[in-house]
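# Reading the structure
Residue-level listing of the chains:
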Amino acid sequence: MLDYVPSFTQLVSELNKLPGIGPKTAQRLAYYILNSPEQYSQGLSKAMHEMHLKVRKCEQCFALTENDNLCHFCEDTKRNDSLLCIVEQPSDISRLEFSGAFRGRYHVLHGVISPLDGVGPEDLTTQALIHRIDLSLKTEETAIKEVILALDADLEGDTTVLYLAKILKERGIKISRIAHGIPIGGDIDYVDHRTLGRALENRVDV
Ligand SMILES: [Zn+2]
């Protein structure tokens, strides 16, 4: 590449490592940063570094947080403890929150079961989920009674639902899956918040 400007080449190579960023886009972004005022690149690198230092996963639900122990969803005393929504990624929580249709607790799997990609239940937060549920079932007030699976309607989503449904049914927990309004093969990333709100209200039993 542009070996006579090694610092430029270095940035292009770092940007190229980002998902969905090919060499051409990496070059375009590097030119954009180069042509922006110095404050922009300072702000950008500071924001990236600070995020890395501060953001961690909640000990209980694995959502992203800057709190020491539990995230603000787990700390919120007004939420319904008996209702748990399982999502694939932390970003799914923002969309469900924006829909305004859910006031229970969350659990983030950080992926879905995908045998083709070599991702099994042990690579996700499923053990912690089972532990959390079993702990909740020790008393009536803390018991998780219903689990909503807000996973994509694709093969990996279906595989994950089947796996979790077995574990939850063994514990007598009601299981539903958001379905209505989400197209087959649909990614909940691209569903607007009103459709997502309706999908939650019209969830179907698994
Ligand atoms: Zn949490």
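Reference entry: report on the structure contained in this document.

What follows concerns the coordination of the zinc ion. C58 (SG), C61 (SG), C71 (SG) and C74 (SG) make up the full set of protein donors to the zinc ion, lying at 2.3 Å. Geometry at the zinc ion is tetrahedral, judged from the four donor atoms that bind it and their angles of 100 to 115 degrees at the metal. Of note, the donors binding the zinc ion are all from one chain and are spaced C-x2-C-x9-C-x2-C. Both residues of the pair, C71 and C74, count as buried.

All right, on to the nonpolar core then. Membership of the largest hydrophobic core comes to 21 residues, with the highest contact counts inside it found for C85 and L96. Of all the secondary-structure elements, those providing two or more residues to this core are helix 4 (72-75), strand 3 (80-87), helix 5 (90-99), strand 4 (104-108), strand 5 (146-150) and helix 8 (193-201). Ignoring any residue separated from it by four or fewer positions in sequence, one finds C85 in contact with L96, F102, R105, Y106, H107, I148 and A150. Core analysis: the next-biggest nonpolar cluster, separate from the first, contains 16 residues, I86, V112, L151 and A165 among them.

Taking 1.5 Å of rise per residue, 13 residues should cover 18 Å, and helix 2 (residues 23-35) covers 18 Å from first to last C-alpha, within 8% of that figure. Taken residue by residue, helix 2 has A26, A30 and I33 as its buried positions. In an axial view of helix 2, the angular spread of the buried residues amounts to 60 degrees, which keeps them on one side of the axis. Exposed and facing more than 90 degrees away from the buried side of helix 2 are K24, R28, Y32 and N35. Elements in contact with the buried residues of helix 2: helix 1 (6-15) and helix 3 (38-54).

Here we take up the pattern of salt bridges. Counted under the stated rule, the structure contains 13 salt bridges. Linking R171 and D134 is a salt bridge whose minimum nitrogen-to-oxygen distance equals 2.6 Å. With R171 in the loop between helix 7 (155-170) and strand 6 (174-177) and D134 in helix 6 (residues 126-136), this pair connects stretches of sequence that are 37 residues apart. Classification of D134 as partly exposed rests on a relative accessible area of 32%. Across the pair E170 and K166 runs a salt bridge, and its minimum N-O distance is 3.2 Å. Taken as a pair, E170 and K166 lie in helix 7 at a separation of four residues, close to a single helical turn. According to the relative accessible area criterion, E170 is exposed, its value standing at 54%.

Before going further, it helps to spend a moment on the packing of helix 6 against helix 7. One can describe the packing of helix 6 onto helix 7 by two numbers: an axis separation of 11 Å at closest approach and a directional angle of 20 degrees. Relative to helix 7, helix 6 is oriented roughly parallel. Crossing geometry of helix 6 relative to helix 7 is assigned as right-handed. Across the interface between the two elements, T126, L129, I130 and I133 of helix 6 pack against Y163, L164, I167 and L168 of helix 7. Residues of the contact of helix 6 with helix 7, tallied by class, amount to seven nonpolar, one polar and no charged.

Conventions and cut-offs
Residues numbered from 1 in each chain as written. Predicted model: local features only at pLDDT ≥ 70, side-chain atom pairs only at ≥ 80, totals over all residues. Heavy atoms only, no water. Donors = N, O, S within 2.8 Å, 3.2 Å for Na, K, Ca; no water. Tetrahedral: all angles 85-135°; square planar, octahedral: opposite > 155°, others 65-115°. Buried < 20%, exposed > 50% of the residue type's maximum accessible area, 1.4 Å probe, protein only. Core = buried A, V, L, I, M, F, W, Y, C linked by side-chain atoms within 4.5 Å. Helix = DSSP H or I, 4+ residues; strand = E, 2+ residues; numbered from the N terminus. Contact = heavy atoms within 4.5 Å. Expected span 1.5 Å × (residues − 1). Arc of directions from axis to C-beta. Salt bridge = Lys/Arg side-chain N within 4 Å of Asp/Glu carboxyl O. Axes fitted to C-alpha atoms, helices over the stretch in contact; angles between N-to-C directions. Parallel < 35°, antiparallel > 145°, perpendicular 65-115°, else oblique. Left-handed = near helix turned anticlockwise from the far one by under 90°. Nonpolar A, V, L, I, M, F, W, Y, C, P; charged D, E, K, R; others polar.

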